[in-house]
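# A structural walkthrough
Given next are the chains, with one letter for each unit.
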Amino acid sequence: MTFFLFLVGTVLGGGIAFAYFVFYRRKQQALHVIQEEQAKQILFAAEKKVEEVVQEVQLRNRGDVIRIEKEIEEKYAEQRRELLEQQRRMDKKEELLERKFDQIDQREREQEKRRTRLEKELEDLKQQKDLYREKLEEIDLQLEKVARLTEAEAKAKVMASIADAARQESARLIKEMEEEVYATANKKAQEILTQAIQRFAGEVVGEHTVSVVAIPSEEMKGRIIGREGRNIRALEAATGCDLIIDDTPEAVVISGFDPVRRQIAKRTLEELVLDGRIHPARIESVARKARKNIDQEIREAGEQALFDLGLNGIDINIVKLLGQLKFRTSFTQNVLAHSIEVAFFCGMMAEELGLDVMLARRCGLLHDIGKGMDHEVQGSHAVIGGTFAKKFKESPIVVNAIWSHHFDIEPISVFGPLTNAADALSAARPGARRENVQTYIKRLEDLERIAMDFQGVEKSYAIQAGRELRVIVAFDRLNDEGAMMMARDIANRVENELTYPGQIKVTVIREMRVTEIAQ
């Protein structure tokens, strides 16, 4: 029974499984059929869509092709028109060239006719020339017979006459040109100098060879002298200057050849008098302090001069030497103020002449630095200053301008004469220098005396405040060349024997005066 039930169950399970298998198979077949139908539909739709796209693309391409064909046809037509236009222009050019060729051929034929005619005329001229030459030879022979001169002698006389005339004419022209150049140059120089003087406004600073210190009372003189003169000796030893204490009320005079030392002595004495404590140790302490202050003031004065002129790049040793000029004078004119004036004048004249203004100012400022040490080194201040500037690497132009501003050596550039002119201008301008009446009269007398020492001089006059010396000579004892040499000799002797600011003009007058009296 159990086996039967197992068998029945097995059979039923197998039937059910077979039935399920059959059902699944049929279902799969049905699904497959359905999928095939759907695929066919999708494929049909896709093929239809592709056909539509292909038709659309074909239509679009056909439109593009038509448009491109149209554009090509238009470009072809345009190029064809251009080619036709070029062909038309070429035809015109060919026609013009043919005309020009015809004209050239015609001109060549005309030139050939002219050349033939000119050759014939040239031949006729040669024949006439030969005829004229024969006639000239005959005329020359006749002239030689009449004038009794050969052709060469006649030519020499004519050439000599022409040369003399040309020489006289050239001399006249040269004289006129020289007069014109001198007049123009003098006028231009006067304009430049006048403008420089008008543009510059500088103070006139005068110093003396002695300094005076005011004291509050006569009792202070005794304190300055000290017991057995020890205070005054200490002062003189510390400052290197002489103190003169005389009967001058309430004043002590300081005398010394070095203006810097004199200034140190003055500052020292003023501080001692103000403080009231005067003894050797105090004197030495105050003198050291005054010397330090003066050194600082010297450097500041030099730097201030450079600042005022807009200069730089100058060695500190030159700056210090430049500052020392503040305490030196020349013909009562402060040397530092004079150097600054010369620098400004140099710059102004260089500006008028189109030169380097800063270089000209540098030459003018440093031209007298030798005066800061000419009491220590032997030689003229120009040579001393130029050597000092060269030692501290100043440019050759500046060194030469310092050397040559008094013509100790020849200048190598225009800045040498320019510095000399500015130096004379600063010294000679109105109010620059002062001199007492005795010195002024003595200089005028010396000028007239020097002129009267020469042979043939009748009279001499110093005029224009000593700026000009006029010498009248006997016309029968001296010729024109001798008068020229005398003017030069007098000028050289004045330069060598006298000291004066600026320049002195020497004029020698030689003339004959005839006087008759009608009764």
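Residues numbered from 1 in each chain as written. Predicted model: local features only at pLDDT ≥ 70, side-chain atom pairs only at ≥ 80, totals over all residues. Heavy atoms only, no water.

On to the overall build of the protein chain. Looking only at helices and strands, the protein chain has 14 helices and 8 strands in total. The proportion of buried residues among the 519 residues of the protein chain is 29%. The contacts in the protein chain between residues at least 6 apart in sequence include a share of 60% that link residues at least 24 apart. Of the roughly 36100 Å² that the protein chain leaves accessible, carbon and sulfur atoms contribute 55%. (Helix = DSSP H or I, 4+ residues; strand = E, 2+ residues; numbered from the N terminus. Buried < 20%, exposed > 50% of the residue type's maximum accessible area, 1.4 Å probe, protein only. Contact = heavy atoms within 4.5 Å. Areas by Shrake-Rupley, 256 points an atom, 1.4 Å probe, with all protein chains shown as cover.)

Attention shifts here to the packing of helix α6 (residues 280-309) against helix α7 (residues 316-324). One can describe the packing of α6 onto α7 by two numbers: an axis separation of 7 Å at closest approach and a directional angle of 100 degrees. Looking at the two axes, α6 sits roughly perpendicular to α7. Across the interface between the two elements, Ile298, Arg299, Ala301, Gly302, Glu303, Ala305 and Leu306 from α6 touch Ile316, Val319, Lys320, Leu322, Gly323 and Gln324 from α7. (Axes fitted to C-alpha atoms, helices over the stretch in contact; angles between N-to-C directions. Parallel < 35°, antiparallel > 145°, perpendicular 65-115°, else oblique.)

At a minimum axis distance of 9 Å, the contact between helix α4 (residues 230-239) and α6 shows a crossing angle of 25 degrees. Classified by the angle their axes make, α4 and α6 are roughly parallel. The crossing of α4 and α6 is right-handed. Seen from α4, the contacting residues are Arg230, Asn231, Ala234, Leu235 and Ala238; seen from α6, they are Pro280, Ile283, Ala287 and Arg291. When the residues that make up the contact of α4 with α6 are grouped by side-chain class, the tally is 6 nonpolar, 1 polar and 2 charged. (Left-handed = near helix turned anticlockwise from the far one by under 90°. Nonpolar A, V, L, I, M, F, W, Y, C, P; charged D, E, K, R; others polar.)

We now examine the confidence of the model for the protein chain. Confidence in the prediction for the protein chain averages 79 pLDDT; 84% of positions are at 70 or higher. Put simply, helix α2 (residues 151-199) is where the protein chain has its lowest mean pLDDT, 70, and helix α9 (residues 357-366) is where it has its highest, 89. Note on residues 203-207: pLDDT under 50 across the span, and 14 contacts to partners over four residues away in sequence or across chains. (pLDDT = per-residue confidence, 0-100.)

Right, let's talk about the packing of aromatic side chains for a bit. For the structure shown, the criterion picks out 1 aromatic pair. Consider the rings of Phe388 and Phe392, whose centres lie 4.9 Å apart with planes at 55 degrees: the pair is tilted. The two residues Phe388 and Phe392 agree in class, both being buried. (Phe/Tyr/Trp six-rings, centres within 6.5 Å; stacked < 30°, edge-to-face > 60°.)

Turning next to the nonpolar core. Membership of the largest hydrophobic core comes to 41 residues, with the highest contact counts inside it found for Leu322, Leu365, Leu366 and Ile369. Contributions of two or more residues to this core are made by α6, α7, α8 (335-353), α9, α10 (381-391), α11 (396-404) and α12 (415-428). A per-element tally of this core places α8 first, with 11 residues. (Core = buried A, V, L, I, M, F, W, Y, C linked by side-chain atoms within 4.5 Å.)

What follows is about the sheet that holds strand β6 (residues 457-463). Spatial strand order, β6-β7-β8: 3 strands in an open sheet with mixed pairing. One side of each edge strand has no neighbouring strand; the edge strands of this open sheet are β6 and β8 (505-510). Recorded for the sheet is a direction-independent mean angle of 15 degrees between the axes of neighbouring strands. Inspection of the sheet shows strand β7 (residues 468-473) paired to β8 by 6 bridges, in the parallel sense. Following the sheet pairing, Leu469 is matched in β8 by Val506. Here helix α14 (residues 480-497) sits on the sheet and contacts β6, β7 and β8; the angle it forms with β8, its principal contact strand, is near 155 degrees. (Pairing = 2+ DSSP bridges.)

On the surface, Asp91, Glu94, Glu98, Asp102, Asp105 and Glu108 cluster together into a patch of negative charge. One can find Asp105 in helix α1 (residues 2-147). The partly exposed category is assigned to Asp105, whose relative accessible area is 36%. (Patch = residues over 30% accessible without salt bridge, like charges linked within 9 Å, V, L, I, M, F, W, Y side chains within 5 Å. Salt bridge = Lys/Arg side-chain N within 4 Å of Asp/Glu carboxyl O. Lys, Arg positive; Asp, Glu negative; His and termini not counted. Charge placed at Lys NZ, Arg CZ, Asp CG, Glu CD.)

Attention now goes to unusual backbone geometry. For Lys393, which is not glycine, the phi dihedral falls at a positive 65 degrees. In this structure, Lys393 sits in the loop between α10 and α11. Looking at Lys393, the relative accessible area reads 74%, which means it is exposed.

Our next topic: the side chain of Thr419. The residue Thr419 is located in helix α12 in this model. Other than its neighbours up to four places away in sequence, Thr419 contacts Val342, Cys346, Cys363, Gly364, His367, Ala401 and His405.

Moving on, we get to the pairing of strand β3 (residues 251-255). Counted residue by residue, β3 has 4 buried out of 5 residues, so it is predominantly covered. In this structure, strand β2 (residues 242-244) lies alongside β3, joined through 3 bridges in antiparallel fashion. Following the sheet pairing, Ile244 is matched in β3 by Val253.

Together, Leu97, Phe101 and Ile104 make up an exposed nonpolar region whose accessible area comes to about 290 Å². As for its placement among the helices and strands, Leu97 is situated in helix α1. The partly exposed category is assigned to Leu97, whose relative accessible area is 44%.

Take the pattern of salt bridges next. Overall, the coordinates contain 19 salt bridges when judged by the stated rule. The partner of Glu468 in a salt bridge is Arg470, and the shortest N-O contact between them spans 3.0 Å. Classification of Arg470 by relative accessible area gives partly exposed; the value is 38%. It is possible to trace a salt-bridge network through shared partners that takes in Lys442, Asp446, Arg449, Asp453, Arg493 and Glu497.

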